[in-house]
Structures are given as structure tokens and as C-alpha cells.
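Commentary on secondary and tertiary structure
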Amino acid sequence: MNAVRRFTAQEDGALLGRFEPIEADLLRLATKQLLEMLDSGSADPELAESDGIFARLLPDAYRDDDEAAAEFRRYTSVNLLERKALNAQIVINTLGLSSGEEDAAAETDTAATDTEHRQPITIRLAPDAVQAWLRSLTDLRLTLADRLQISPDGVVHLATEDTPFLRELYDWLGMLQEELVYSIDV
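The text that follows walks through the structure, step by step, so that each part is easy to find. In this text, all values refer to a predicted model and were calculated from it rather than measured experimentally.

With that settled, the discussion passes to the overall build of the protein chain. From N to C terminus, the protein chain includes 7 helices and 3 strands. Written out in order from the N terminus, the α and β elements of the protein chain read β-β-α-α-α-α-α-β-α-α. When each of the 186 residues of the protein chain is scored for burial, the buried share is 38%. A sequence separation of at least 24 residues applies to 71% of the contacts in the protein chain between residues at least 6 apart.

The end-to-end C-alpha distance of helix α7 (residues 163–185), which contains 23 residues, comes to 33 Å, matching closely the 33 Å that a straight helix rising 1.5 Å per residue would cover. Restricting attention to buried positions, one finds in α7 the residues Thr163, Leu166, Leu169, Tyr170, Trp172, Leu173, Gly174, Leu176, Gln177, Leu180 and Ser183. Against the buried residues of α7 lie β1 (7–9), β2 (15–19), α1 (21–43), β3 (121–125) and α6 (127–147).

Another aspect to go through is the packing of aromatic side chains. Taken as a whole and judged by the stated rule, the model has 3 aromatic pairs. Ring centres of Phe7 and Phe19 lie 6.0 Å apart, and the angle between their planes is 80 degrees; on these two criteria the pair is classed as edge-to-face. Taken together, the positions of Phe7 in strand β1 and Phe19 in strand β2 put the pair 12 residues apart, joining distant regions of the chain. Like Phe19, Phe7 is buried. Measuring from centroid to centroid gives 6.5 Å for Phe7 and Trp133, while their planes differ by 80 degrees, and the two rings are edge-to-face. Taken as a pair, Phe7 in strand β1 and Trp133 in helix α6 lie far apart in primary sequence, 126 residues in all. The same class applies to Phe7 and to Trp133, which are both buried. The residue whose ring lies beneath Arg141 is Tyr170, and the NZ or CZ to ring-centre distance is 4.1 Å.

The next subject is the packing of α6 against α7. In contact at an axis separation of 10 Å, α6 and α7 are set at 155 degrees when each is read in the N-to-C sense. As summarised for this structure, α6 and α7 are arranged roughly antiparallel, according to the angle between their axes. Read as a crossing pair, α6 and α7 show a hand that is left-handed. Residues Val130, Gln131, Trp133, Leu134, Leu137, Thr138, Leu140, Arg141, Leu144, Ala145 and Arg147 of α6 form the contact with α7, whose own contacting residues are Leu166, Leu169, Tyr170, Leu173, Gly174, Leu176, Gln177, Leu180, Val181 and Ile184. Looking at the contact of α6 with α7 residue by residue, the classes come out as 15 nonpolar, 4 polar and 2 charged.

Before going further, it helps to spend a moment on the nonpolar core. One recurring pattern in soluble globular proteins is that nonpolar side chains are buried together. With 41 residues, the main nonpolar core has Phe19, Leu27, Leu125, Trp133, Leu173, Leu176 and Leu180 as its most contacted residues. Ranked by residues supplied to this core, first place goes to α6 with 8 residues.

Rules of the game
- Residues numbered from 1 in each chain as written.
- Predicted model: local features only at pLDDT ≥ 70, side-chain atom pairs only at ≥ 80, totals over all residues.
- Heavy atoms only, no water.
- Helix = DSSP H or I, 4+ residues; strand = E, 2+ residues; numbered from the N terminus.
- Buried < 20%, exposed > 50% of the residue type's maximum accessible area, 1.4 Å probe, protein only.
- Contact = heavy atoms within 4.5 Å.
- Expected span 1.5 Å × (residues − 1).
- Phe/Tyr/Trp six-rings, centres within 6.5 Å; stacked < 30°, edge-to-face > 60°.
- Lys NZ or Arg CZ within 6 Å of the ring centre and 35° of its normal.
- Axes fitted to C-alpha atoms, helices over the stretch in contact; angles between N-to-C directions.
- Parallel < 35°, antiparallel > 145°, perpendicular 65-115°, else oblique.
- Left-handed = near helix turned anticlockwise from the far one by under 90°.
- Nonpolar A, V, L, I, M, F, W, Y, C, P; charged D, E, K, R; others polar.
- Core = buried A, V, L, I, M, F, W, Y, C linked by side-chain atoms within 4.5 Å.

Geometric descriptors of this kind do not, in isolation, establish any biological role.
Shown next, in the form of C-alpha cells:
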């Protein structure tokens, strides 16, 4: 049985991607939250040093030398966070307006834009946008791994009512990443 492919390669090296409206909305929301977090880390380097999520996003360059690692981070963290934010912004721009933003822009009847009645969206990813997407999907998964307290052996240690949803989101983002890699590797 042939599965429907989310991403298809084009002759010019670009990819076309297809998302259900709810998927695009979810990815857009998660990426906007990532962007806000990255911006806060860029604006406040002390926050980036003290918050565990930034340790996953910006691992130590020198694992055996704390002083050299701190010095390296001091000179590179803001630039790296800004590049990660740029990648996240590319994802958001590629996905376009969310259903709520479309409603506000068009001032349409909310019943007409109900998720059930919205058509799938097609996006076009230029080769450099594909790389930004891959990097942002990685950053989203690293962020969720920290939130879920996933240990190196893959065990989830967070036990809250949000855990099942966050775990499904983590797995879904991994599936997207895999599909994207497969599409550029074909």
C-alpha cells in the first residue's frame, strides 16, 4: 500500500508540502512559541545560561572544560539563538496566516472557516528553506524533550495531564522531520 507523501520534490530542487489546516495551525503555534523563547534568550543571555532548555539548544562546546565552555557560550550564544529564530521565522512565513489571522484579515463569518471546512494547504520550500525547516523541527523536538524530561534512553519522566499531548506532538514533529529528510534524500 502506498502512503500519501507529505513532501514531494520538484525539478528545481524545491519541495512541495501538504498540511491539513489543523496541522499547519499546530505547527505555526509551536513555532511561534519557540520563536518567543529564542527571542527571550537572545535578549537576556543570563536566562539562556540558567534555563535548561537552552542547554539542549546550545550544548557545551567543551565538555571537559567548564571555563572554556562558558567563554565559548558567551561569544556565540546570542548569534546562535538569532539564527535559530531566523529559521523559526522562515517556518512561520512559509505556513502563512493561521485561521484566526485569516479571519481577522478577511473579517469573515467564523462558521465559514471552521477547521472541518478548510482545505489542505500547500507550501513551497526552496532548498534553503528546507534546511531552516529541518533545523527548526530539531529545535522544537529538543524543546519538547526538555519539557517532557526525556532522558537519553528515551524515557519520559514528566507525569502531568499535558504529557500525552506533548508526547504526541514530539512524535509528530519527528515524523515530519523524517518525511522531510526522506524527501530530500530521494
